[in-house]
Amino acid sequence: MKILITGGAGFIGSALVRYILSETTHSVINLDKLTYAGNLNSIPEPLQNNERYSFEQADICDSVSVRRILLAHQPDAIMHLAAESHVDRSIDGPGDFMQTNIIGTFTLLEEARHYWSSLGKEAKINFRFHHISTDEVYGDLPHPDEVEGELPLFTESTPYAPSSPYSASKASSDHLVRAWQRTYGMPTVITNCSNNYGPYHFPEKLVPHIILNALAGKPLPVYGNGAQIRDWLYVEDHARALFAVVTKGEIGETYNIGGHNEKRNIDVVQTICNLLEELVPNKPEGVENYRDLIKFVADRPGHDARYAIDSTKMSAELGWEPLESFESGIKKTVQWYLNNESWWQQVLSGEYQLDRLGKE
C-alpha cells in the first residue's frame, strides 16, 4: 500500500513515517511544506534513503501541487496530519491556523475527492482518507479539584466546544471531513488524540521546553498554578494507533486515542526535574536543584482545565492499547534529548528561541 502522509516532517507525522517504514512493508509519500516546525532530520537518513520513501515539499493549500502529487504517486490512502498546532501561536495570530487547518483541509479533501472518483472499482473501494485531529475540539472537562465523584472522559460522541482559535480550526476541519463523507461518499475516518510527547518533539512544546531549559539553567515557566490536567500519549504509541485505524478502521467512524495517563502540568514538570537529577547530576552553574528553576507565570487566556480520553473503542474494535506508561515514556523521552543534542541544537539555531514559554 502507498500512503500519502501530509505533515510527515512534523512531530507526530515523522513518528508515523518512521513506524511505517521500519515496522511494515508499505510505502510512504511525505508531503510537507517545511514550515518552522517541520524537520526532515526527524526522519533518520537510512529511512529517507529507503526505496519505499519519497518526499514532496508542497503546501496543502496549493491545489495544483496536491493534484500533481496525487496523480504522480497514486496513493492508496491519505493520512492528513499537516496543521498549525501551537495554541499560543493561534492566540497571537489566528490567521495562519484558519488558512492551513480549514482551507488546507478543504483543498486536500477536494483534490482527494477528484482523485478518488477517478480510481478503478477495487482501488476506489479500498481507498481511505484518514484525518488526524485533537481532543481539544471537545473543550475541557471538570477538574477533580472542583467536583466530587467519578470524572467524565471524552468519548467519540462528546459535543464539540473548542476554546482556542487552534481548537476551533481543528473542529472546523473535522466537520469538513464528515461533510465530505456524508455528501460525496468519501471513505473517511477521523481520529482525535490526547497530548503527545516523545522523541523529535519541537522544543516549543511543554515537555522538550522544560528539558532544554533545565539543562541550560533557564527558568521553567508553568502557566497559572500548573493544575491543568492532560492525558499524555507517547508518540510512538500514537503512530501504532494511527496505522491501525487507516488499515482496519471503519469508514465514517471516529476513534479517540489516549495514553491513559492523566497528569497535572506541574507534576509533569516536577517528574522531568526528578529524572534530570538522576541522569544529569552535574547541573548548570548556580543551580542547586532543577525544581528551583520552576517559575509560575500568568495563565493562558481561556486555558482548558482538563483533557482525558476514553479510548475503549480503539481497544475493543481495533485491538490497540498504549505500550508506554507515563513513567516509562517520559524517561525514554528525557534520555532521547540527552542523547540527541545535535538534533535539538540544530532546531534551536533556527527560528525557535529558548526563552519562549513551553506550550502544551
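What comes next concerns the included structure. (Residues numbered from 1 in each chain as written. Predicted model: local features only at pLDDT ≥ 70, side-chain atom pairs only at ≥ 80, totals over all residues. Heavy atoms only, no water.)

**Concerning the pattern of salt bridges**
Using the following cut-off: What makes a salt bridge here is a side-chain nitrogen of Lys or Arg within 4 Å of a carboxyl oxygen of Asp or Glu, nothing more. For the purposes of this entry, the term helix denotes a DSSP run of H or I that reaches at least four residues, the term strand denotes a run of E that reaches at least two, and both are numbered from the N terminus. The rule is simple: take the accessible area with a 1.4 Å probe, protein chains only, and divide by the maximum for that residue type; under 20% is buried, over 50% is exposed, in between is partly exposed.
Applying the stated criterion across every chain, the model contains 14 salt bridges. Between D88 and R300 there is a salt bridge, and its shortest N-O distance comes to 2.7 Å. In this pair, D88 is assigned in helix α4 (residues 87-92) and R300 in the loop between β12 (294-297) and α11 (312-318), connecting sequence segments 212 residues apart. On the basis of relative accessibility, which here comes to 10%, the residue D88 falls in the buried class. Relative accessible area serves as the criterion here: at 7%, R300 is assigned to the buried category.

**Quick word on the environment of H114**
Looking at the element boundaries, H114 is found in helix α5 (residues 95-117). Spatially, the C-alpha atom of H114 lies 50 Å from that of D145, the residues being 31 residues apart in sequence.

**Thoughts on the sheet that holds strand β4 (residues 77-80)**
By way of backbone hydrogen bonds, the strands of a sheet pair with one another, either parallel or antiparallel. Stated formally: A pair of strands is treated as paired once DSSP finds two or more bridges between them. Every axis corresponds to a line fitted to the C-alpha atoms, with the helix fit spanning only the stretch in contact, and the corresponding angles, defined between N-to-C directions, vary from 0 to 180 degrees. Whether two residues are in contact is decided by their heavy atoms, any of which lying within 4.5 Å being enough.
Judged by pairing direction, the sheet is parallel, and its 7 strands sit side by side in the order β3-β2-β1-β4-β5-β6-β10 without closing on themselves. If you trace the sheet from one side to the other, it starts and ends with β3 (53-57) and β10 (254-257), each paired once. Neighbour-to-neighbour, the strand axes of this sheet turn through a mean angle of 20 degrees, independent of strand direction. Pairing of strand β2 (residues 27-32) with β3, which is carried by 5 bridges, proceeds in the parallel orientation. Paired with D32 across the two strands is Q57, which belongs to β3. Across the face of the sheet, helix α3 (residues 63-73) comes into contact with β1 (2-6), β2, β3 and β4 while running at roughly 160 degrees to β3.

**Some thoughts on the side chain of S173**
Within the secondary structure layout, S173 lies in helix α7 (residues 165-184). If we ignore the near neighbours within four places in the chain, the residues touching S173 are N101, T105 and H131.

**Here we look at the sheet that holds strand β11 (residues 262-264)**
Across the sheet, which stays open at both edges, the 3 strands sit in the order β7-β9-β11 with mixed pairing between neighbours. Because the sheet does not close on itself, it has two edges, and the strands there are β7 (195-197) and β11. Taking each pair of neighbouring strands and ignoring which way they run, the sheet shows an average axis angle of 50 degrees. Bridge count for β7 against strand β9 (residues 229-234) is 3 bridges, and the pairing is parallel. Note on β9: the bridge partner recorded for N195 is W232. Where helix α10 (residues 265-279) meets the sheet, its contacts fall on β9 and β11, and the angle it forms with β11 comes to roughly 85 degrees.

**What about the packing of helix α8 (residues 206-216) against helix α12 (residues 326-339)?**
Threshold: Orientation labels follow simple angle bins: below 35 degrees gives roughly parallel, above 145 gives roughly antiparallel, 65 to 115 gives roughly perpendicular, and whatever is left gives oblique. In this scheme the handedness of a crossing depends on how the near helix is turned from the far one: anticlockwise by less than a right angle means left-handed, clockwise means right-handed.
Between α8 and α12, the least distance of the axes is 11 Å, while the angle of their chain directions is 50 degrees. With respect to α12, the axis of α8 lies oblique. Considering only the axes of α8 and α12, their crossing is right-handed. Counting all contacts with α8, which are made through V207, P208, I211, L212 and L215, the residues of α12 involved are I330, T333, V334, Y337 and L338.

**Thoughts on the pairing of β1**
Under the convention used in this document: Convention used here: a crossover is right-handed provided that the path from the first strand, over the helix, to the second strand proceeds clockwise when the strands point away from the viewer.
Among the 5 residues in β1, 4 count as buried, and that is most of the element. By the bridge criterion, 5 bridges tie β1 to β2 in an arrangement that is parallel. Bridging from a neighbouring strand, T6 pairs with L31 of β2. Taken together, β1, helix α1 (residues 11-23) and β2 form a β-α-β motif whose crossover is right-handed. Sheet topology note: the β1/β4 ladder contains 4 bridges and is parallel. If you follow I3 over to β4, its bridge partner there is A77.

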